[in-house]
Amino acid sequence: MKYIFVTALCILSFNLFAQKPCEYSSNITDSIGTYKSTKEYLISEKVFGGNSNYIFYSLILTDGVPTLNVQFIQKSKEFVKANCFDKDSKIYLQLQNGKIYTLLHIDQESCGTMIRDDKGFDNRVKTGIFMFTKDNYEELKKSPISLMRIKYLTDVEDYIFKKEFTAELDGKTYRPETYFIDNLRCVE
């Protein structure tokens, strides 16, 4: 009886601690090089008073160089403020172990695109590509994130990461604190 109990316990623990497989939206290798992109993952959602703001992450590996793709979607019936990225834009990630990790924006100015939908909402879609610094990013694979600060061309915004939330957008459960712990291995 003890043997059956120990075996069942081992099987359950393997299932609990097994890493989920990497999910890619693109995985291309050809004569030019390699390109992998993880599926977009909702990091932040703010829905209040008819305004919606979403932030999605995806990790990209281009010829061995990992980058973070950050997509912002803002939806409102009122004016949507444009925060632009430039060569000096950065993302600061404060880890729960107290360390701060910095990602640098590529040298490309971007203010996003405004799209009006058939329901009268203005939608601003903006994408930024951020490079990991030469510092070793091992800490991102070990420690959850507590705060993200984004330095735009003319503004700075802070986002507190939740341990877990269920999105109003699609009803799925997301765990933004552990995004890098769960996904950095997919682009190494």
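Before any of the text, the structure's been laid out above.
Asks: In this structure, what is going on with the pairing of strand β5 (residues 65–76)? I would like to understand it.
Replies: For a regular strand, the rule is simple: side chains alternate between the two faces of the sheet. Here strand β4 (residues 51–62) pairs with β5 via 11 bridges, running antiparallel. Directly across from N53, in β5, lies its bridge partner Q74. The hairpin formed by β4 and β5 contains two residues between the paired strands, and D63 there has a positive phi angle of roughly 50 degrees. With 10 bridges joining them, β5 and strand β9 (residues 122–132) adopt antiparallel strand pairing. When the bridges of β9 are listed, S76 appears paired with D122.

Asks: What exactly am I supposed to notice about the packing of aromatic side chains here?
Replies: One pair of aromatic rings is described through two measures. These are the centre distance and the angle between the planes. Going through the model one piece at a time under the given rule, you end up with 13 aromatic pairs. Relative to F161, the ring of Y57 lies with its centre 6.4 Å away and its plane at 55 degrees, an arrangement referred to as tilted. In this pair, Y57 sits in strand β4 while F161 sits in the loop between β11 (156–160) and β12 (165–166), placing the two residues 104 residues apart along the sequence. Taken as a pair, Y57 and F161 share a single burial class, namely buried. Among the aromatic side chains, those forming a connected cluster through ring pairs are Y41, Y57, Y101, F132, F161, F165, Y174, Y179 and F180. The positively charged end of K77 is found above the aromatic ring belonging to F121, 4.8 Å away from the centroid. In this structure, K162 is placed above the aromatic ring of F165, and the distance from its NZ or CZ to the ring centre is 5.5 Å.

Analysis parameters
Residues numbered from 1 in each chain as written. Predicted model: local features only at pLDDT ≥ 70, side-chain atom pairs only at ≥ 80, totals over all residues. Heavy atoms only, no water. Pairing = 2+ DSSP bridges. Helix = DSSP H or I, 4+ residues; strand = E, 2+ residues; numbered from the N terminus. Phe/Tyr/Trp six-rings, centres within 6.5 Å; stacked < 30°, edge-to-face > 60°. Buried < 20%, exposed > 50% of the residue type's maximum accessible area, 1.4 Å probe, protein only. Lys NZ or Arg CZ within 6 Å of the ring centre and 35° of its normal.

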